[in-house]
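# Structural overview for review
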Amino acid sequence: MSINSLSPEERLNAAIQFEKVDRIPCAPLIDNYAARFANITHSEFFFNSKNAFNALASIKERYPVWDIRRSSYSAFYGKYQKIIGHLKNKLPGIELPDNNECQYSESEVMKRENLSIIKKSGYEEFINEYYHRIHGSLKIEIKNALSEQIEILKNEIKEANRCGQTPLYGYLIATAEEIICYTRSFPEFIRDIYQVPGLMHEILSIVTDSLIEITLQAVKQTGVNRVLIGFSRMNGQFFSPYYFEKFCWINLKRIILSFIDQGITPVIHIDGDWTLNLPYFRQLPEKKMIIELDGNTDIFKAKKILKNHTCLLGNVPSTLFTVGTPEQVKEYCRKLLTKLSRGGGFILGSGCALPYMARHENVEAFFESIS
Amino acid sequence: MKNTLFSAVVNLDERNVIRLTKDKLKYGQDPISLLDEICLGVEEIGKRYAKGKYFIADLIMSGLIFKEVTKYICFPKENIPALNKIKVLFATVEADIHDVGKNVTIDLFKAKGINVTDLGVDVSPCNIAEEVEKQNIEVLCLSGLISSSYNSMRKTIKLLEEKQLRDKVKVIIGGNVDENVKIFTGADYWVKECTHGLKICIELAQKKSLVKCI
């Protein structure tokens, strides 16, 4: 098969299905770095989608091998971070200098007794109350921001196609436990699941139902049947298999199966060390999803565990981009390409976000490794 | 396991720990021996973690219980157990406000009886160096999640060198860090997990004979 004989969409689907590819698809999560590359400020990037899309297009122009637009821009778009941002934040151009990175802080905003809102009035009421407490958001502002979020995503999908890329995400969600964890804080969330497991089980199930419904509607609007499911905390690095199964896997499995049933490809973004939990994914249908790994899970072990089952995306560590050398980046990419591409099911990417402070020569080395 | 304070701690049963503590104080138990009993429970949790039977969430929960129960135990400052004598300073470095990992780690340190000063988030190199000097800090834990935090860590450590404090303090960096970041910043250790930081700190304390036993 000659290089570039497949379109980016065909190449991506071939990778998911462990079929032969003309070359390895390339999907860095590059939003944080894009402003610096394009020589605009971070605030100009995050508050103006036109600037952002131009910046991303300039990266694509410089590095044509970048074929998979893996972007979380719509989720972190500046204008509504103060309305529907999952965490209290400080943003460049508002509380921070124009070129600083966005920052997030977490505290116990919702009390344990507030979880009953979910049981009585549903997830939407609960999350609206949470946004109101951290941002002062009104219901109408939340509704408008959520609509605008879909519009931004639709525009980015169009823009990706215009640049000759295929978009990876048709919508982006966090899991139920991740969202509840943000609202309660990590330590209090742990206290909850240890002390009121019945309540937590019930509310996480309700939130999961809502997330499935919201996602199915959103995907219909964006027209891209792939959904990012992002989470980081409920893994074997922190929790025993008992808690993982009871509070995470039960809901995650349900979300994934619902999406697959609807013809949607789940793209599971897992931060932290998931080595212990990876075998669970073998319970799911094979060649139907992607798992994105950051630098904390050993991707080579992951390949062994999920061989011929699930496509892996990753995982050049953010630290390597920032303080490593081009030689180190090339060497790591070479290792990934040599050891993971055999037999299919691999997409080269950054482990989580390619950082704002990444050295340009390291980014170049990353793209060159594909060339 | 008997329904003792020790077993309540090991079972991470917060309500029972507090109930038993209040009862024992009411019946005149010495606060120091009570604290010892709780610390033994926390110690057992640490042992089970080391064997892979307990997980980080269990350690965090034990930290929460310890923090809660010590609100009820008052003792004169001169009676604070000797294991508190190592001086540890925590800060999320300048230009970074992420503190979930730092706070969890501090709770764990406190549960182990280590005395910790927390400078909070977005702390300038100058403030950190001043505090290191003022308190004669022996272990400095710098936390950072975003990529710009590496420069702040590096600046902080350089300033310690300039002020001739570097030889007196061991620097542990935590967060989104690795060996490359350790080299870049000039730190002594890097950790990804709070338990690893705790282990290093205890080893340092033991080397300096700053603790009787932890």
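All values reported here derive from a predicted model rather than from experimental measurement. (Residues numbered from 1 in each chain as written. Chains lettered and ligands numbered in written order. Predicted model: local features only at pLDDT ≥ 70, side-chain atom pairs only at ≥ 80, totals over all residues. Heavy atoms only, no water.)

A count of helices and strands for chain B gives 9 helices and 5 strands. Listing the helices and strands of chain B from first to last along the sequence gives α-α-α-α-β-α-β-α-β-α-β-α-β-α. Taken along the three principal axes of its C-alpha coordinates, chain B extends 55 × 35 × 30 Å. Burial analysis of chain B (214 residues in total) assigns 55% to the buried set. Relative to all contacts within chain B whose residues are 6 or more apart in sequence, the contacts with residues 24 or more apart total 69%. In the structure as shown, chain B presents an accessible area of about 9,900 Å², 51% of it carried by carbon and sulfur atoms. Distance from the positive charge centre (32 side chains) to the negative charge centre (29 side chains) of chain B: 4 Å. (Helix = DSSP H or I, 4+ residues; strand = E, 2+ residues; numbered from the N terminus. Buried < 20%, exposed > 50% of the residue type's maximum accessible area, 1.4 Å probe, protein only. Contact = heavy atoms within 4.5 Å. Areas by Shrake-Rupley, 256 points an atom, 1.4 Å probe, with all protein chains shown as cover. Lys, Arg positive; Asp, Glu negative; His and termini not counted. Charge placed at Lys NZ, Arg CZ, Asp CG, Glu CD.)

Bringing the pairing of strand S7 (residues 265–270) of chain A into the picture now. A regular strand places its side chains on the two faces of the sheet in alternate fashion. Residues and elements named next belong to chain A. Among the 6 residues of S7, 6 are classified as buried, and the element is accordingly described as predominantly covered. Every second residue of S7 is oriented toward a common face, with Thr 265, Val 267 and His 269 on one face and Pro 266, Ile 268 and Ile 270 on the other, all of them buried. As paired elements, S7 and strand S8 (residues 290–293) share 4 bridges and run parallel to each other. Residue pairing in the sheet places His 269 in a bridge with Glu 292 of S8. (Pairing = 2+ DSSP bridges.)

Residues and elements named next belong to chain A. As for its position among the elements, Glu 141 is in helix H9 (residues 139–162). A residue is classified by how much of its surface remains accessible, and Glu 141, at 32% relative accessible area, is partly exposed. A sequence separation of 61 residues divides Glu 141 from Tyr 80, and the C-alpha atoms of the two residues are 9.0 Å apart.

Taken as a whole and judged by the stated rule, the model has 35 salt bridges over all chains. Salt-bridge contacts for Arg 162 of chain A lead to Glu 159 of chain A; the nearest nitrogen and oxygen are separated by 2.9 Å. In this pair, Arg 162 of chain A and Glu 159 of chain A both sit in helix H9, 3 residues apart, roughly one turn of the helix. Notably, a salt bridge pairs Arg 359 of chain A with Glu 361 of chain A, separated by 2.9 Å at the nearest N-O pair. Judged by its relative accessible area of 33%, Glu 361 of chain A is partly exposed. Through salt bridges with shared partners, a single ionic network connects Glu 108, Lys 111, Arg 112, Arg 184, Glu 188, Arg 191 and Asp 192 of chain A together with Glu 14, Glu 68 and Lys 71 of chain B. (Salt bridge = Lys/Arg side-chain N within 4 Å of Asp/Glu carboxyl O.)

To continue, consider the sheet that holds strand S5 (residues 189–191) of chain B. All names here are of chain B. Within the open sheet, the 5 strands sit side by side as S2-S1-S3-S4-S5. Their pairing is parallel. The strands lining the two open edges of the sheet, one partner per strand, are strand S2 (115–118) and S5. For this sheet, the mean inter-axis angle between neighbouring strands, taken without regard to orientation, is 25°. Here strand S1 (residues 87–92) runs beside strand S3 (residues 139–144); their pairing, made up of 5 bridges, is parallel. Each bridged residue has a counterpart across the sheet, and for Leu 89 the counterpart in S3 is Leu 140. Those strands touched by helix H6 (residues 125–135) are S1, S2 and S3, and its axis lies near 170° from that of S1. Together, S1, S3, strand S4 (170–175) and S5 form the strand contacts of helix H9 (residues 194–207), whose direction differs from that of S5 by roughly 150°. (Axes fitted to C-alpha atoms, helices over the stretch in contact; angles between N-to-C directions.)

Our focus in this paragraph is the pairing of strand S9 (residues 311–316) of chain A. All names here are of chain A. In terms of residue burial, S9 counts as a mostly covered element, since 6 of its 6 residues are buried. Direction of pairing for S8 relative to S9: parallel, over a ladder of 3 bridges. What sits directly across from Ile 291, in S9, is Leu 312. Crossover S8 to S9 through helix H14 (residues 299–305) is right-handed. Across 5 bridges, S9 lies against strand S10 (residues 346–350) in parallel orientation. The residue bridging Val 316 from the neighbouring strand is Ser 350, located in S10. (Right-handed = clockwise from strand over helix to strand, strands pointing away.)

The next point concerns H9 of chain B. Compared with an ideal rise of 1.5 Å per residue, which puts 14 residues at 20 Å, H9 of chain B spans 20 Å between its outermost C-alpha atoms and is within 8% of the ideal. When we look at burial in H9 of chain B, the residues that qualify are Cys 194, Thr 195, Gly 197, Leu 198, Ile 200, Cys 201, Ile 202, Leu 204 and Ala 205 of chain B. (Expected span 1.5 Å × (residues − 1).)

Turning to the packing of aromatic side chains, a few remarks are in order. Residues and elements named next belong to chain A. Enumeration according to the criterion identifies 26 aromatic pairs over all chains in this entry. With a centroid separation of 5.7 Å and 65° between ring planes, the pair formed by Phe 53 and Tyr 73 is classed as edge-to-face. Within this pair, whereas Phe 53 is found in helix H4 (residues 49–62), its partner Tyr 73 is found in helix H5 (residues 73–76), the two being separated by 20 residues in sequence. Classification of Phe 53 as buried rests on a relative accessible area of 8%. Using a relative accessible area of 0% as the deciding quantity, one classes Tyr 73 as buried. (Phe/Tyr/Trp six-rings, centres within 6.5 Å; stacked < 30°, edge-to-face > 60°.)

Right, let's talk about a positive patch on the surface for a bit. On the surface, Lys 301, Lys 304, Lys 335, Lys 339 and Arg 342 of chain A cluster together into a patch of positive charge. If you list the elements that add at least two residues to the positive patch, you get H14 and helix H16 (326–340) of chain A. (Patch = residues over 30% accessible without salt bridge, like charges linked within 9 Å, V, L, I, M, F, W, Y side chains within 5 Å.)

Facing 33 residues of chain A, the contacting portion of chain B comprises 30 residues. With both sides pooled, the region where chain A packs onto chain B buries about 2,600 Å², and carbon together with sulfur makes up 57% of that total. In terms of surface lost to chain B, no three residues of chain A exceed Gln 103, Arg 191 and Val 323 of chain A, which account for 21% of the buried area on that side. Along the contact surface separating chain A from chain B lie 2 salt bridges. Salt-bridge contacts for Arg 191 of chain A lead to Glu 14 of chain B; the nearest nitrogen and oxygen are separated by 2.6 Å. (Buried area = accessible area lost by both parts, 1.4 Å probe.)

Another point: the packing of helix H2 (residues 14–26) of chain B against helix H3 (residues 31–50) of chain B. Think of two packed helices as two axes; the pair is described by the angle between the axes and how far apart they sit. All names here are of chain B. At a minimum axis separation of 10 Å, H2 and H3 run at an interaxial angle of 155°. Of the possible angle classes, the one that applies to H2 and H3 is roughly antiparallel. Between H2 and H3 lies a crossing whose hand is right-handed. Here Thr 21, Lys 24 and Leu 25 of H2 come into contact with H3, specifically with Leu 34, Glu 37 and Ile 38. Among the residues making up the contact of H2 with H3, the classes are represented as 3 nonpolar, 1 polar and 2 charged. (Parallel < 35°, antiparallel > 145°, perpendicular 65-115°, else oblique. Left-handed = near helix turned anticlockwise from the far one by under 90°. Nonpolar A, V, L, I, M, F, W, Y, C, P; charged D, E, K, R; others polar.)

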